[in-house]
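Single-letter residue listing:
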Amino acid sequence: MILRAKYVLPDNDKLIENGAVVVAEDKIINIDSYPSINHGKSEKVYDFGEAIILPGFVNAHTHLELTNIHGQVKRTKNLADWLMQLMEIRDWNEEIVERATSEGIAMSLAGGASTIADITNSGWSVKTLKKNSIRKLVFYEATGFEQKRLLRAIANLSANLGTVQPDALLTFGISPHAPYSVSADLYRKCRGIALEKGLLMCTHLAESESELEFLMSGTGAFRNLLKRFGIAVDNWRPPRQTPVEYMSSLGVLDCSPLLAHCNYLNESDIKLLRASNANVVFCPRSHNYFYHSNHPFEKLMQVGVNVALGTDSLASNDSLSMLDEVKFWGRTQNCTPPETLFSMATLNGAKALRLYGQIGALLRGWQADIIAVRIPPISEAANRGTTLKREVIEKILHDESQNVFTMVAGKICYNLEEGVVQHVFHDEKEEE
Ligand SMILES: [Zn+2]
């Protein structure tokens, strides 16, 4: 199968005009200008015309099982209040979660994500995820702040990890939820399991100022939240550390974790992250939803910390579309070059999920995880004063750009223009 478009953007460094990608089974076997590739006699050509073919986006942080909660939680600056609302309205069972997950997968594919890192608290979403052709790293979530919850949390994790088998498109990780919902011992146990089984570990970290207060002095919104749930917190002794220092002291930073958010970091936290192999996921629209102050992603990237992008859940976002996510982020700030945004949404995500070498760029021998984004035309005159590659990437961020095609491991998972004859035709040479 050949995918063809006016532009092919294999990675940050290269642009191919009138480009094509040749796919066989699950892999990319050639990528070049359309006239230079070898055409098989009966090869099907998908010609996307005024569009860009690029690597599928990697959504490095989401919770698909919350897809049906969209619009039900009142927006607030207070994360603890938001969590309280979420717990109160969340009325779920296996059927509800399966439906929410199915809808979430469809929205993800339509929005250009070929890979998702999804966190499941219920465990009910996994069968639905397994059945679907999207590439996914599924984190089983663990919570337990009191000592008496420790054994149950570990038993749940062990049981979940044996329930569904991984496959070529499905890998598993574990996710101790956050420092205000997970005890130090449970973090240490999760770290042990992650290292023993070679699993990626994810945790929500330094997401709100209330979390910093709770770890520093044991007071504030999270103390109140725990008390409302009847969790004994009176005798708990706060570590008097920042969230990053705390994770470092528990050994969590040693196992190349995926750290969701990291909105509030000081200089010494950034040094600790730099010295570790931790990866950070930044969720721009969720960040905006909670009215957080500026995210330190540029500082992190300057010192060499890998930063990926995620949508978070629909409980704090308007869509699960990664294209919407990069468009929003491109609109909101103007300091970061669009090439950097493109890397954050593709290759950085692949690195964070330990999938580098398979996905995140379009290269021969890599997995055929490919999207096609239709863009407004680039005029000849507009090419002056900047590179064409820059203009093409900027067009991805344009309001009118639209994802029309998502392929995962060589399989078409979303095709907006299916049936539109002029975009699907046989090899021109064969027809001559
Ligand atoms: Zn999250």
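Residues numbered from 1 in each chain as written. Predicted model: local features only at pLDDT ≥ 70, side-chain atom pairs only at ≥ 80, totals over all residues. Heavy atoms only, no water.

On to the sheet that holds strand β9 (residues 170-176). The strand order across the open sheet formed by 8 strands is β6-β7-β8-β9-β10-β11-β12-β13, and the pairing between neighbours is parallel. The sheet is open, and its two edges are formed by β6 (57-62) and β13 (306-309), each paired on a single side. Between one strand and the next, the sheet's axes are offset by a mean angle of 25°, whatever the strand orientation. In this sheet, strand β7 (residues 113-120) lies alongside β6 in parallel orientation, the contact comprising 4 bridges. Within β7, the position partnered with Thr62 by the bridge is Asp118. (Pairing = 2+ DSSP bridges. Helix = DSSP H or I, 4+ residues; strand = E, 2+ residues; numbered from the N terminus. Axes fitted to C-alpha atoms, helices over the stretch in contact; angles between N-to-C directions.)

Attention shifts here to the packing of aromatic side chains. The description of two aromatic rings rests on the distance between their centres and on the angle between their planes. Scanning the entire structure with this criterion turns up 14 aromatic pairs. When the ring of Tyr140 is compared with that of Phe172, the centres are 5.3 Å apart and the planes differ by 15°; the resulting orientation is stacked. With a gap of 32 residues between them, Tyr140 in strand β8 (residues 135-142) and Phe172 in strand β9 connect regions that are remote in the sequence. Residue Phe172 is classed as buried on the basis of its relative accessible area, which comes to 8%. Joined through ring pairs, the aromatic side chains of Tyr46, Phe48 and Phe405 make up one cluster. (Phe/Tyr/Trp six-rings, centres within 6.5 Å; stacked < 30°, edge-to-face > 60°. Buried < 20%, exposed > 50% of the residue type's maximum accessible area, 1.4 Å probe, protein only.)

Domain assignment breaks the protein into domain 1 (2-55 + 361-431) and domain 2 (57-352). Using C-alpha coordinates to define each centre, domain 1 is positioned 32 Å away from domain 2. Contact with domain 1, which involves 30 residues of that partner, is made by 25 residues of domain 2. Of the roughly 2100 Å² buried where domain 1 meets domain 2, counting both sides, 64% is carbon and sulfur surface. Considering only the surface of domain 1 that becomes buried against domain 2, Asn12, Leu397 and Val408 emerge as the three largest contributors, covering 25% of it. Our enumeration of links across domain 1 and domain 2 arrives at 3 salt bridges. One salt bridge connects Asp369 with Arg135, and the closest N-O pair in it is separated by 2.7 Å. The interface formed by domain 1 and domain 2 contains 13 residue pairs in polar contact (both at pLDDT 80 or more). Among the elements of the structure, β1 (2-11), β5 (51-55), β14 (370-374), α15 (388-396), β15 (402-408) and β16 (411-415) are those that each provide at least two residues to the side of domain 1 that touches domain 2. (Domains from an automatic or database assignment. Contact = heavy atoms within 4.5 Å. Buried area = accessible area lost by both parts, 1.4 Å probe. Salt bridge = Lys/Arg side-chain N within 4 Å of Asp/Glu carboxyl O. Polar contact = N/O pair within 3.5 Å; in protein donor to acceptor, adjacent residues only side chain to side chain.)

With that settled, the discussion passes to the confidence of the model for the protein. The share of residues in the protein with pLDDT of 70 or more is 94%, and the mean pLDDT across the chain is 92. Contacts for the low-pLDDT stretch residues 419-432, under 50 throughout, to residues beyond four places or in other chains number 27 contacts. (pLDDT = per-residue confidence, 0-100.)

Within the protein, the atoms that donate to the zinc ion are His61 (NE2), His63 (NE2) and His204 (NE2), at distances of 2.1 Å. Counting residues between consecutive donors of the zinc ion along the chain gives the motif H-x1-H-x140-H. One end of the pair, His63, is in the loop between β6 and α1 (79-89); the other, His204, is in strand β10 (residues 200-205), and 141 residues separate them in sequence. A single burial state applies to His63 and to His204, both of which are buried. (Donors = N, O, S within 2.8 Å, 3.2 Å for Na, K, Ca; no water.)

A few words now on the environment of Gly71. The residue Gly71 is located in the loop between β6 and α1 in this model. Among the residues examined, Gly71 registers a relative accessible area of 71% and is labelled exposed. For Gly71 and Glu209, which are 138 residues apart along the polypeptide, the C-alpha to C-alpha distance reads 24 Å.

Look at Ser256: it is not a glycine, yet its phi comes out positive at around 45°. Structurally, Ser256 is set in the loop between α8 (243-249) and β11 (258-261).

Attention now moves to the nonpolar core. In terms of nonpolar packing, the biggest core is built from 103 residues, with Leu54, Phe57, Trp82, Ile174 and Leu273 touching the most fellow members. Counting residues per element, this core draws most heavily on α1, which supplies 6 residues. Those residues within four positions of Trp82 in sequence are excluded, and the remaining contacts are Val73, Lys74, Thr76, Tyr289, Phe290, Ala315 and Ser316. Val23, Ala372, Phe405 and Met407 belong to the second largest nonpolar core, which has 19 residues in total. (Core = buried A, V, L, I, M, F, W, Y, C linked by side-chain atoms within 4.5 Å.)

In contact at an axis separation of 9 Å, helix α13 (residues 338-345) and α15 are set at 60° when each is read in the N-to-C sense. Classified by the angle their axes make, α13 and α15 are oblique. Of the two possible hands of crossing, α13 and α15 adopt the one that is left-handed. When α13 is examined against α15, the residues Pro338, Glu339 and Phe342 are found in contact with a partner set consisting of Lys389, Arg390, Ile393 and Glu394. Its residues placed into classes, the contact of α13 with α15 shows 3 nonpolar, no polar and 4 charged. (Parallel < 35°, antiparallel > 145°, perpendicular 65-115°, else oblique. Left-handed = near helix turned anticlockwise from the far one by under 90°. Nonpolar A, V, L, I, M, F, W, Y, C, P; charged D, E, K, R; others polar.)

This paragraph deals with the pairing of strand β2 (residues 14-24). Relative to β2, β1 runs antiparallel, the two being bridged by 7 bridges. When the bridges of β2 are listed, Asp11 appears paired with Lys14. Note that β2 and strand β3 (residues 27-33) share 6 bridges and pair antiparallel. Paired with Val23 across the two strands is Ile28, which belongs to β3. The turn joining β2 and β3, which pair antiparallel and follow one another in sequence, is formed by 2 residues; a positive phi near 50° is taken by Glu25.

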